Amino acid sequence: MKKKTISFLLAGILLVSLLPACSANESSDPAAVPAATESNSENTAHKKMTEVTLNEVAHSIFYAPQYVAIEEGYFEEEGISLQLITGFGADKVMTAVLSGEADIGFMGSESSIYTYQEGANDVIVNFAQLTQRAGNFLVAREEMADFSWDDLKGKDVLGGRKGVVQYTM
């Protein structure tokens, strides 16, 4: 359990540290950046906030580090005014990014691969990772003691929307 907690915290720190790199500081005026001796709340008040729209594929417990960073004000401390939108599907998130409705799309890499393979003019770049494992679950109506993947042979498995999940069973 301790490993998972540390993993979530590190993933959150990674996300928070990568987002400032997505925007450039347009001001070359040193007076526009507050002195390092000022408190965080004073720093936030003086910074020019960069608006970023983040469209996530789904609202999930696996993205807890992101939600903690938002709630704790870490983005604001870095000068980012973050608007979080749930797209409810990687295809919708990709559409939002390609159309300019979102600056960042938080989803699996499959949508960018599909878009690239279809010859899109705008190539989407995968640049970060919040989770190391997919948040997918296999569930059954009844308990299956000593489960084995072989138990699925000849069974009907509901895997998600058409075109999103590769069926290999």
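Below you will find a few notes about this structure. Residue numbering note: each chain is counted from 1, following its sequence as written. A pLDDT threshold of at least 70 governs which residues receive local features in this predicted model, and a stricter bar of 80 or more applies before side-chain atom pairs are shown or counted, although totals over entire chains, interfaces and linings include all residues. Calculated side-chain values reflect all of the structure's heavy atoms, with hydrogen atoms and water omitted.

### Re the packing of aromatic side chains
Note the cut-off: Planes of paired rings set the category: under 30 degrees apart is stacked, over 60 is edge-to-face and the rest tilted, where pairs are Phe, Tyr or Trp rings (Trp by its six-membered ring) whose centres lie within 6.5 Å. Think of it in three bands: with a 1.4 Å probe and only protein chains considered, a residue is buried below 20% of the maximum accessible area for its type, exposed above 50%, and partly exposed in between.
Within the structure shown, the criterion is met by two aromatic pairs. Consider the rings of F147 and W149, whose centres lie 5.4 Å apart with planes at 75°: the pair is edge-to-face. Using a relative accessible area of 36% as the deciding quantity, one classes F147 as partly exposed.

### Digging into the sheet that holds strand β3 (residues 104-106)
The condition that has to hold: Whether two strands pair depends on DSSP finding at least two bridges between them. Going along the chain from the N terminus, every DSSP run of H or I of four or more residues is numbered as a helix, and every run of E of two or more is numbered as a strand. Only the stretch in contact is used when fitting a helix axis, every axis being a line fitted to C-alpha atoms; angles between N-to-C directions are given from 0 to 180 degrees. Here, residues are in contact when the closest pair of their heavy atoms is within 4.5 Å.
With parallel pairing, three strands are arranged side by side in an open sheet as β2-β1-β3. Edge positions in the sheet fall to β2 (80-86) and β3, since each has one partner strand and no second. In this sheet, adjacent strand axes meet at a mean angle of 25° when their direction is disregarded. With three bridges joining them, strand β1 (residues 50-56) and β3 adopt parallel strand pairing. Within β3, the position partnered with N55 by the bridge is G105. Packing against the sheet, helix α3 (residues 64-71) makes contact with β1, β2 and β3, and its axis sits at approximately 135° to β2. Packing against the sheet, helix α5 (residues 90-99) makes contact with β1 and β3, and its axis sits at approximately 170° to β3.

### A few points about unusual backbone geometry
Note: most peptide bonds trans; most residues except glycine with negative phi. In this model, F88 sits at a positive phi of 60°, which is unusual for a non-glycine residue. Relative to the helices and strands, F88 resides in the loop between β2 and α5. Overall, the relative accessible area of 61% leaves F88 in the exposed class. Phi is positive for D146, which is not a glycine, with a value near 55°. Structurally, D146 can be placed in the segment after α6 (110-117).

### Describing the nonpolar core
So the rule is basically this: By nonpolar core we mean a set of buried residues, namely Ala, Val, Leu, Ile, Met, Phe, Trp, Tyr and Cys, connected to one another through side-chain atoms within 4.5 Å.
Ranked by size, the top nonpolar core spans 15 residues in total, and within it V57, L82 and M107 carry the most contacts. The set of elements that each furnish at least two residues to this core consists of β1, α3, β2, α5 and β3. When residues in this core are grouped by element, the largest group, three residues, is from α5. With residues near it in sequence (within four places) discarded, M107 still touches V57, A90, V93 and M94.

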